[in-house]
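Below, each chain spelled out in residue letters.
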Amino acid sequence: MASVFLSFMYLFVVFSFKNSAHAERIRDKMYDPIEGAAACFRRLNGTHQFGCSSHRSGNVGVIHFIENQTDLEWLLNNATADPYMAVIQPNMFTKNVMSDLKNSGKVNGIVLVNNHSAERPNSFSHEDTCPNRYSGLSLVGEQTCNSAEPWNPHGTGLMQIDWGFPIFHVGDEGNISLLHECYLKHNAHNRGQQADRSLCALEMNSFMLAAVDSETCMRRSSPTTIINRIRFCDPLGDRNIWSTLYPRYKEEKKNNTVYIVAARMDGTSMFDGLVPGAMSPVTGIVTLLMTARVLSSIAKNLTDIDSQQDKNVLFLLLSGESYDYIGSSRLVWDMQHGEFPLKWDSSVKQPPPLQLNNIAMFIELGQISTLGRTADQNITTLYCHQHNPSSNDVVNRQMVDNFIDTMNKNGEDLGLQFNRTRTNSLPPSSLQTFLAARRDLPGVVLTDHSSQYLNKYYHSIMDDSLELKYNYMNGSDPSVDSIQVLIAKLSQTLAQTLYVLMNDIKPEEVPVQDLADPKMVDKLLHCYLDTKDCPVFRAAANKQNIVDTKPASMYVGVNVWASDVISLTGHTLALLVNQTVNRTKDNCHNDPDDRVYQYFWMNNTFEVSNSSGGCIKTTMNYSLAISPAFVIPDYNWASGSYPTWTESVWREFSVRMFLKPSRSHENLTLSLGIVALLLSFLIVYFANSRSQILFGNPLVTSSC
C-alpha cells in the first residue's frame, strides 16, 4: 500500500512540473539566432549561374566589421583567424570591395548591415549598367545601350556574379547592435592575437540545390530522368494582367485596332523578399491604374461602355520584364500563335485573337519621378523615347509626332511638358520586344529621364519611398510638387490623349476635366510602398484584413507560386474601372459560355471596411508570363532567342551567432579526442585479451 502511495506522489510531482520544464539541446544554447535576415540566392540562365550559396552544412567565419578602407586592408593583408564573415555597410558594398573580399580567399560570407537611420550612399544599384543588354532589339542586331553613356550609370552588376559564398542582409537595428557588441567585446581588440583567444563568429546557411545553368537544372528536375522527382529549380515567371476599355466580341468586324498602354510589374534586387521597386516599377503601375480609371470615366460619360467601337485600348501589366522581358516575350509569342488573349475555343463567346498588326500604337510607362523637375516648379518635363523609324515610314513618324503633340496640348494647363529624346536607342523597355517582332510598330516610352536613369538606386533594396520623396497623406491633400500630384496629372493627360486619338477629335472637344484624384494616387502608392494591408487592397481582395502587413515585394517569383501582388493589382484594376452589376454574392461568378467578362465579388469601397460588397463586371484577365523557352520542344538554351531564367530551390535560410573557441583550444580539444580514441582502443584490446581472467570461464553444464 505504501509503495502505491509513493508511486502516486512521484507521478503527481512529475506532471506538476511538466508545463514549466522546457527541453533544449545544449548545442542550440550555444547560438544566438539573427532573425529576419534576408539572403542572396541563386539564379540561372541558359549558360551561367549567378548569386550566392553556402555549403550544404552552412558556412562559418569570424565576424569582422569593415567600416573603412583601413579595416578592409587589415582583413586582406594581416588577418590571422580566417575564415571571416565580413560585415559591411552600404557605402562599402561596392564591386571593388566585394571583388577584393572574394579574391582574398579569407572570406566565407558577407553580411550587409543596413541601418535605415544612417546616411545613404550616393548610389546603390546592383543591376548591370545596360539592363537586359542581350535581349529586346539587340536580338535583331540593333544597339540598345551606349557603353560610354549607359542607361544605368550607377550599376555595379553585382547580381550578375557567382559569389560562391552566402551574402545576407540585416536591417533590424537590434540585430545590428547585437553583432556589433559581440564584435567589440571579443574581436576588435588585439587583432594580431586573434588566433590565441575565443572569437565571435557567425554560421550562415543558404545552400542552393540548383547549379551550372538552367538547361542542366531543368534536366535534373525532369520526371523522365528521376524516379522520385526532386525539384532543383523553377522557371521565373508569373502572370500578365490585361484589360480592354471596351469589350471585344467574337462576332465583331470592327474593334480590331488597339492602343496598348503598358507598364512592367516587377523589379529585382540581390535579396529574397526585399524588392520595393518604388521608382521602377511602382510608379508605372500606379500611373497605368489611374489612366485606366480616368479613361473609363471619360468613356462612360461620353459613350456606352458596352457599345462596339472602331478602336480600343488594351492595358497591359507585364511580369518578368527585369529578366530579359519574360512577360512581353511570352505575350508576343502568344500573339504570333493566335493564343492571346485566350486560347481559341469556338464553342464559347470570347475575345477574338489579337495579332501584332492589330496594334495601332504602343505606349509604355517607365520610371516616373519628380527628380527631373526644372527650377520652375510649375513645369515638370517628361521624356518621350521613340524607336527611330526608317526615313520612308511616314505613317509611323506622323503617329508618334501626333501623340507627343497631343500630350503637350493636354498637359500644358497642368504644367507638364513632353520632350522628344535625341538618343539613338530605346531605354530598356517592353516595347523593344514588340519592335523586334514588328519593326514598323509606332511606340513611345514615357520616362523622367532623357539619356540616363535619374534613379540612383535602380534594382536594389533602396529603390523605395525615400528616394521617391513619397509620404502617405492618409486623406489629406498632397503638396503640389509631390509625386502623387505628378502621377495624377500624367494620368489625366494620357487618358485624354488616348480618347482624342481613338475618336479622331481635337483635345478641346473632351469636356471632362479634373478626373485624376491625387488622393487616390496616394492610396495606391501606400499599398505598394508601405503595406499591403491598405484600404484599396482590402476592397479589392474582399477581406476585412490582409494578414501580410509588409510592403509589397515586386520580384517576379517563380511560376509554381502565384504572386499575391499580381492578384491584388488585377483586382484593383477591375475595381477602379468599377462596372458594378446587379448580382448576388452567390451568383457573382464567371459565365461558362462567356469569356468576354469576368465577375468578382468585392467590398467595392475604399472607406468602409464592413461594406456588404458588390459584384464587379470587368474585362480584366490574366495570361501566362512564362518564357516560351520552357514550352518549345528541344529549345536551344544557348541561343538567347527567349529568356531562360530559373531560380534555385532551397530548404531554409539561417544566420546564427556563437563564440568560436581559440585555435589553441580547438587543437587541445582535437588532441584530447585523439588521445581518448587511442585509449579506448587500448582498453578494449586489453579487456578482450584478458576476458577469461576478468570475466571468468562460462558455466559448463554436464548431462547425467
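Residues numbered from 1 in each chain as written. Predicted model: local features only at pLDDT ≥ 70, side-chain atom pairs only at ≥ 80, totals over all residues. Heavy atoms only, no water.

Enquirer: Is there a simple way to explain the overall build of the chain in this structure?
Expert: A tally of helices and strands in the chain yields 17 helices and 23 strands. Within the chain, contacts between residues at least 6 apart in sequence are counted, and of these 78% link residues at least 24 apart. Accessible surface computed for the chain: about 32400 Å², of which carbon and sulfur atoms make up 51%. (Helix = DSSP H or I, 4+ residues; strand = E, 2+ residues; numbered from the N terminus. Contact = heavy atoms within 4.5 Å. Areas by Shrake-Rupley, 256 points an atom, 1.4 Å probe, with all protein chains shown as cover.)

Enquirer: Explanation requested: the state of the cysteines in the structure shown.
Expert: Covalent bonding between the sulfur atoms of two cysteines defines a disulfide. Evaluated as defined, the whole model comprises 6 disulfides. The disulfide partner of Cys130 is Cys145, and the gap between their sulfur atoms is 2.1 Å. Around the S-S axis, the bridge from Cys130 to Cys145 shows a dihedral of about -65° and counts as left-handed. Of this pair, Cys130 sits in the loop between β7 (107-113) and β8 (167-170) while Cys145 is found in the loop between β7 and β8, placing the two residues 15 residues apart along the sequence. With relative accessibility at 14%, the residue Cys145 sits in the buried group. Between the sulfur atoms of Cys588 and its disulfide mate Cys615 the distance is 2.1 Å. (Disulfide = S-S within 2.5 Å. Buried < 20%, exposed > 50% of the residue type's maximum accessible area, 1.4 Å probe, protein only.)

Enquirer: Please clarify how the environment of Gly613 should be interpreted in this entry.
Expert: Within the secondary structure, Gly613 sits in the loop between β19 (598-602) and β20 (614-618). Residues Gly613 and Ala539, 74 residues apart in the sequence, show an inter-C-alpha distance of 8.6 Å. With sequence-adjacent residues up to four places away left out, Gly613 is seen in contact with Trp601, Met602 and Asn603.

Enquirer: Explanation requested: unusual backbone geometry in the structure shown.
Expert: Comment: phi is negative for the bulk of residues other than glycine, and the bulk of peptide bonds are trans. In this structure, the amide linkage connecting Asp82 to the following residue, Pro83, adopts the cis form with an omega of 10°. Relative to the helices and strands, Pro83 resides in the loop between α3 (69-77) and β6 (84-88). Residue Pro281 is reached from Ser280 by a cis peptide bond, and omega for that bond is 20°. Although it is not a glycine, Val212 sits at a positive phi angle of roughly 80°. With respect to the helices and strands, Val212 occurs in the loop between β9 (199-205) and α6 (214-220).

Enquirer: Would you mind showing me how to read the side chain of Ser429 here?
Expert: If you trace the backbone, Ser429 turns up in the loop between β16 (416-420) and α10 (431-437). Within polar-contact distance, the side chain of Ser429 engages the backbone oxygen of Pro427 at 2.9 Å. Ignoring any residue separated from it by four or fewer positions in sequence, one finds Ser429 in contact with Tyr325, Glu364 and Val445. (Polar contact = N/O pair within 3.5 Å; in protein donor to acceptor, adjacent residues only side chain to side chain.)

Enquirer: Explain the nonpolar core to me, please; I cannot follow it from the model alone.
Expert: Taken as a class, soluble globular proteins show a tendency for nonpolar side chains to be buried jointly. Counting 93 residues, the largest nonpolar core has Val286, Val313, Phe403, Leu525, Tyr528 and Met554 as the members making the most contacts within it. At 13 residues, helix α7 (residues 278-302) tops the list of elements feeding residues into this core. Discounting chain neighbours no more than four positions away, the residues touching Leu525 are Val282, Val286, Tyr470, Ile483, Gln484, Ile487 and Asp530. Core analysis: the second largest hydrophobic core is formed by 34 residues, Val107, Leu158, Trp163 and Ile167 among them. (Core = buried A, V, L, I, M, F, W, Y, C linked by side-chain atoms within 4.5 Å.)

Enquirer: I tried to follow the layout of surface pockets on my own but got confused; where do I start?
Expert: A water-sized probe rolled over the atoms picks out the places where empty space is left. Quantified by volume, the second largest pocket comes out at close to 900 Å³. Around the second largest pocket, the lining is made up of 43 residues, and of these Asn132, Tyr134, Ser135, Asp324 and Trp645 lie nearest the centre. Residue assignment for the lining of the second largest pocket shows that the elements contributing at least two residues are α8 (326-336) and α10. The dominant element in the lining of the second largest pocket, judged by the number of residues it contributes, is α8, at 4 residues. (1 Å grid on protein atoms, 1.4 Å probe; cavity = no way out; pocket = protein on both sides within 12 Å on 5 of 7 lines; lining within 4 Å. Points joined across faces, edges and corners; volume = space filled by probe spheres on them.)

Enquirer: For this particular structure, what's the right way to read the side chain of His385?
Expert: Within the secondary structure, His385 sits in strand β15 (residues 380-386). Assessed through its relative accessible area of 0%, His385 is described here as buried. Engagement of the side chain of His385 in a polar contact is seen with the side chain of Thr447, the distance being 2.9 Å.

Enquirer: In this structure, what is going on with the sheet that holds strand β5 (residues 59-66)? I would like to understand it.
Expert: Two orientations exist for strands paired in a sheet by backbone hydrogen bonds: parallel and antiparallel. With mixed pairing, 8 strands are arranged side by side in an open sheet as β1-β23-β9-β5-β6-β7-β8-β2. Each end of this open sheet is capped by a strand with a single partner; those strands are β1 (32-33) and β2 (38-39). Here β5 pairs with β9 via 4 bridges, running antiparallel. Bridge pairing in β9 links Gly61 to Leu202. (Pairing = 2+ DSSP bridges.)

Enquirer: Is there a simple way to explain a nonpolar patch on the surface in this structure?
Expert: A cluster of nonpolar side chains, contributed by Leu670, Ile674, Leu677, Leu678 and Phe681, occupies part of the molecular surface with about 520 Å² of accessible area. Take Leu670: it is sitting in helix α16 (residues 663-689). (Patch = residues over 30% accessible without salt bridge, like charges linked within 9 Å, V, L, I, M, F, W, Y side chains within 5 Å. Salt bridge = Lys/Arg side-chain N within 4 Å of Asp/Glu carboxyl O.)

Enquirer: Looking at this model, I keep getting lost on the packing of aromatic side chains. Mind explaining?
Expert: Two descriptors summarise a pair of aromatic rings, namely the distance from one centre to the other and the angle between the planes of the rings. Within the structure shown, the criterion is met by 20 aromatic pairs. Between Trp163 and Phe165 the ring centres are 6.3 Å apart and the planes differ by 40°, which places this aromatic pair in the tilted class. A ring pair is formed by Tyr453 and Tyr458, whose centres lie 4.8 Å apart and whose planes are at 55°; its orientation type is tilted. For Tyr453, a relative accessible area of 6% translates into the label buried. When its relative accessible area of 2% is taken as the criterion, Tyr458 is described as buried. Ring pairing ties together the aromatic residues Phe41, Phe50, Phe168, Tyr323, Tyr555, Trp645, Trp650 and Phe653, which thus form one cluster. Stacked on the ring of Tyr457, the Lys or Arg Arg120 has its end atom at 5.5 Å from the ring centre. Cation over ring: Arg583 sits above Tyr599, and NZ or CZ is 3.8 Å from the ring centre. (Phe/Tyr/Trp six-rings, centres within 6.5 Å; stacked < 30°, edge-to-face > 60°. Lys NZ or Arg CZ within 6 Å of the ring centre and 35° of its normal.)

All quantities given are derived from atomic positions and should not be read as evidence of function.
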